[in-house]
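Structure at a glance
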Amino acid sequence: VQLQASGGGVVEAGGSLRLSCAASGDIHGSINLMGWHREAPGKQRELVAVITNGGSTNYADSVKGRFAISKDNNKNTVYLHMSGLKPEDTAVYYCRVLVNLAGYWGQGTQVTVSS
């Protein structure tokens, strides 16, 4: 399974970005969960948002009301819509996918929010 993430960049505080992560390879409709984590300098990687195969979502408290996770089953792609961005959202964002209960990480995409 390969994951290709994109959509990071530099944005001013209050701005918006959309991250995408496309899964390919040996999937065959067996994606259990898709999500996004982030790792800021000097901090541990943390969960940002997840969406299950059934469409249930869960968010870190720090992003509730600002970020929205969605997916396109036909494209095996997960999205993270980020709005109201804050400087503390600056991090490398990684997508993670569970396929047949095995976890896979994407390569990471940098999001930088300037104040």
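In short, a report on the structure. Owing to the predicted nature of the structure, the values given are computational and were not obtained by experimental measurement.

This part takes up the side chain of Thr109. One can find Thr109 in strand 11 (residues 109-114). Classification of Thr109 as buried rests on a relative accessible area of 11%. One polar contact links the side chain of Thr109 to the main-chain amide nitrogen of Gly8, over a distance of 3.2 Å. Beyond its immediate stretch of four places on either side in the chain, Thr109 contacts Ser6, Gly7, Gly8, Leu19, Ala91, Val92 and Tyr93.

Here we take up the packing of aromatic side chains. Under the counting rule described, the total for this entry stands at 1 aromatic pair. Geometrically, the ring pair formed by Tyr94 and Trp105 is edge-to-face, given 6.3 Å between the ring centres and 90° between the ring planes. Placement of the pair is Tyr94 in strand 9 (residues 91-99) and Trp105 in strand 10 (residues 102-105), with a sequence separation of 11 residues. According to the relative accessible area criterion, Tyr94 is buried, its value standing at 16%. By relative accessible area, Trp105 is classed as partly exposed at 39%. In this structure, Arg45 is placed above the aromatic ring of Tyr94, and the distance from its NZ or CZ to the ring centre is 3.7 Å. Seen from the ring of Trp105, Arg45 lies directly overhead, with NZ or CZ sitting 4.6 Å from the centre.

What counts, and at which threshold
Residues numbered from 1 in each chain as written. Predicted model: local features only at pLDDT ≥ 70, side-chain atom pairs only at ≥ 80, totals over all residues. Heavy atoms only, no water. Helix = DSSP H or I, 4+ residues; strand = E, 2+ residues; numbered from the N terminus. Buried < 20%, exposed > 50% of the residue type's maximum accessible area, 1.4 Å probe, protein only. Polar contact = N/O pair within 3.5 Å; in protein donor to acceptor, adjacent residues only side chain to side chain. Contact = heavy atoms within 4.5 Å. Phe/Tyr/Trp six-rings, centres within 6.5 Å; stacked < 30°, edge-to-face > 60°. Lys NZ or Arg CZ within 6 Å of the ring centre and 35° of its normal.

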